[in-house]
Amino acid sequence: MKNEEFVPQLHYYNKGEVVMFSTTRHGGVSQGEYASFNINEYSGDAQEAIAANRKALCKELGIDEAHLVMPHQTHGVEVRQIAADFVALPDNIRRMILEGVDAVMTNESGICIGVSTADCIPILIYDKEHHAACAVHAGWRGTVARIVEKAVKAMALAYKTVPQDLQCVIGPGISFDAFEVGMEVYDQFRQAGFEMVSGFVRGKWHIDLKECNRQQLVALGVKQEAITVSPKCTYNENADFFSARKQGINSGRIFTGVML
C-alpha cells in the first residue's frame, strides 16, 4: 500500500448542523471493480485497501474508527439502535450486533451511522427536535417490506420522533429508467400498493424505488419539502457511483452516512 495522502471525495447533503453524505468512487486506494473508494468488507475487496479507505474516511469526519458504524445488511427489515456504550464493546460483539441489520439509528453525537449500497436506495433521516438520526438500506425487497416506514416508527418508539419534524435524504440509487424487473417482482410491488410507481418501458417492467420510498415517508407525515431526493442514478453514472447491476456483485459499495 502506498503511503501518499489521499482524501475520499464525498457528496454532502445540506441539512443544517447534521453531517450527511454519500461516498463516491473517487479518492481511495481500492483497485479494479472496487476502484477507488470502498469500505465495504462483504463484497470481496482487499482488506488492506478497505482498512486504508476506512481510515481516510474517519480522518475526513474527525472521528476514530470505532465511531464509524456500518451493518452487515441482508435485505431484511431489522432496525438496530446504537447507544453510547456501543463504541466501547469488543469488535466481535459489535459485529454480532450489526449482523443482519438493514437500518441503524442513534441519538449519540460523534457516531457516524450508515449503510452500503450499489443500486439499492440509501435513506438518511434526521430528527432535530429529539437529536436523533437513522440510516436505512432499501433495496427492492426492503422497499416492498416498507423498511423506511418501520425505521421511522422505531425512531418514534426510541426517541419520540414525530414525522412532521423530520428532514430526509434519499441518496444515489438506480433510476426508474435503469431498473428493469421481471413480472414476479412487479407483482410484489403491485400487491404492496406501489402500482403507480411502475411502468412498462421497452418491453420490460420498471420500478421507481426512490419514489416508492419517498411516498412512504410522505404517507407517514414527513413534509414533502423536507425530503431531498438525489437525481444520481448509480447504473447510468457508474463512473462516479458503484453499480452491482452494471459491474456485478463483486464490486465496491457506496457508503451513505449521517453523524449528529
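Our subject is the structure that appears above.
Residues numbered from 1 in each chain as written. Predicted model: local features only at pLDDT ≥ 70, side-chain atom pairs only at ≥ 80, totals over all residues. Heavy atoms only, no water.

(A) Expanded view of helix α1 (residues 47–61). Between its first and last C-alpha atoms α1 spans 21 Å; for 15 residues at 1.5 Å apiece the expected length is 21 Å, and the two agree. All buried positions along α1 are accounted for by Ala49, Ile50, Ala52, Asn53, Arg54, Ala56, Leu57, Cys58 and Leu61. Next to the buried residues of α1 lie β1 (10–15), β2 (18–23), β3 (68–69), β6 (112–117) and β14 (254–259). Residue glycine 62 follows α1 closely and has a positive phi angle near 75°. (Helix = DSSP H or I, 4+ residues; strand = E, 2+ residues; numbered from the N terminus. Expected span 1.5 Å × (residues − 1). Buried < 20%, exposed > 50% of the residue type's maximum accessible area, 1.4 Å probe, protein only. Contact = heavy atoms within 4.5 Å.)

(B) Broad picture of the pairing of strand β4 (residues 79–82). With four bridges joining them, β4 and strand β5 (residues 103–106) adopt parallel strand pairing. Within β5, the residue paired with glutamine 81 across the bridge is methionine 105. Handedness of the β-α-β unit built from β4, helix α2 (residues 91–97) and β5 comes out right-handed. (Pairing = 2+ DSSP bridges. Right-handed = clockwise from strand over helix to strand, strands pointing away.)

(C) Up close: unusual backbone geometry. Cis geometry is found at the peptide bond from alanine 35 to serine 36, where omega equals -10°. Relative to the assigned elements, serine 36 resides in the loop between β2 and α1. With a phi angle near 60°, histidine 75 is a residue other than glycine that sits in the positive phi range. Relative to the assigned elements, histidine 75 resides in the loop between β3 and β4. A relative accessible area of 37% means that histidine 75 is categorised as partly exposed. Unlike most non-glycine residues, lysine 160 shows phi in positive territory, near 65°. The residue lysine 160 is located in the loop between α4 (147–159) and β9 (166–170) in this model.

(D) The arrangement of the side chain of histidine 206 in detail. Mapped onto the fold, histidine 206 is located in strand β12 (residues 204–207). By relative accessible area, which is 0% here, histidine 206 ends up buried. Only 2.8 Å separates the side chain of histidine 206 from the backbone oxygen of phenylalanine 176, close enough to count as a polar contact. Apart from the residues lying within four places of it in its own chain, the contact partners of histidine 206 are Phe176, Asp177, Ala178, Phe179, Glu180, Val197, Ser198, Gly199 and Val201. (Polar contact = N/O pair within 3.5 Å; in protein donor to acceptor, adjacent residues only side chain to side chain.)

(E) Focus on the pattern of salt bridges. Scanning the entire structure with this criterion turns up 11 salt bridges. The partner of arginine 80 in a salt bridge is glutamate 78, and the shortest N-O contact between them spans 3.1 Å. Given a relative accessible area of 21%, arginine 80 falls into the partly exposed group. Taking relative accessible area as the criterion, glutamate 78 reaches 38% and is therefore assigned partly exposed. The salt bridge involving lysine 153 is made with glutamate 149; its shortest N-O contact spans 3.1 Å. (Salt bridge = Lys/Arg side-chain N within 4 Å of Asp/Glu carboxyl O.)

(F) Representation of the side chain of asparagine 38. Its place among the elements puts asparagine 38 in the loop between β2 and α1. One polar contact links the side chain of asparagine 38 to the main-chain amide nitrogen of arginine 253, over a distance of 3.0 Å.

(G) Looking closely at the nonpolar core. One finds Ile123, Ile125, Phe189 and Leu217 to be the most contacted residues of the largest nonpolar core, which totals 41 residues. A total of seven residues in this core trace back to one element, the largest contributor, which is α4. Ignoring anything within four residues of it in the chain, the contact list for isoleucine 123 reads Cys134, Ala135, Val136, Ala138, Val148, Val169, Ile170, Asn213 and Leu217. Within the second largest apolar cluster, 20 residues are counted, among which are Leu98, Ile113, Val258 and Leu260. (Core = buried A, V, L, I, M, F, W, Y, C linked by side-chain atoms within 4.5 Å.)

(H) Structural context of the environment of tyrosine 186. Take tyrosine 186: it is sitting in helix α5 (residues 183–191). What makes tyrosine 186 buried here is its relative accessible area of 6%. C-alpha of tyrosine 186 to C-alpha of tyrosine 235: the two residues are 49 residues apart in sequence and 19 Å apart in space. Apart from residues no more than four positions distant in its own chain, tyrosine 186 is found in contact with Val181, Glu195, Ser198, Trp205 and Ile207.

(I) Spotlight on the sheet that holds β9. The mixed open sheet is built from six strands, whose spatial order is β4-β5-β8-β7-β9-β13. Looking at which strands have only one partner, the edges of the open sheet turn out to be β4 and β13 (227–229). Mean inter-strand twist for the sheet, computed between neighbouring axes without regard to direction, equals 15°. Examined bridge by bridge, β5 and strand β8 (residues 132–138) share four bridges and lie antiparallel to one another. By the bridge assignment, valine 104 is partnered in β8 with alanine 135. Sheet strands in contact with α4 are β4, β5, β7 (121–127), β8 and β9, and its direction is about 160° off that of β8. (Axes fitted to C-alpha atoms, helices over the stretch in contact; angles between N-to-C directions.)

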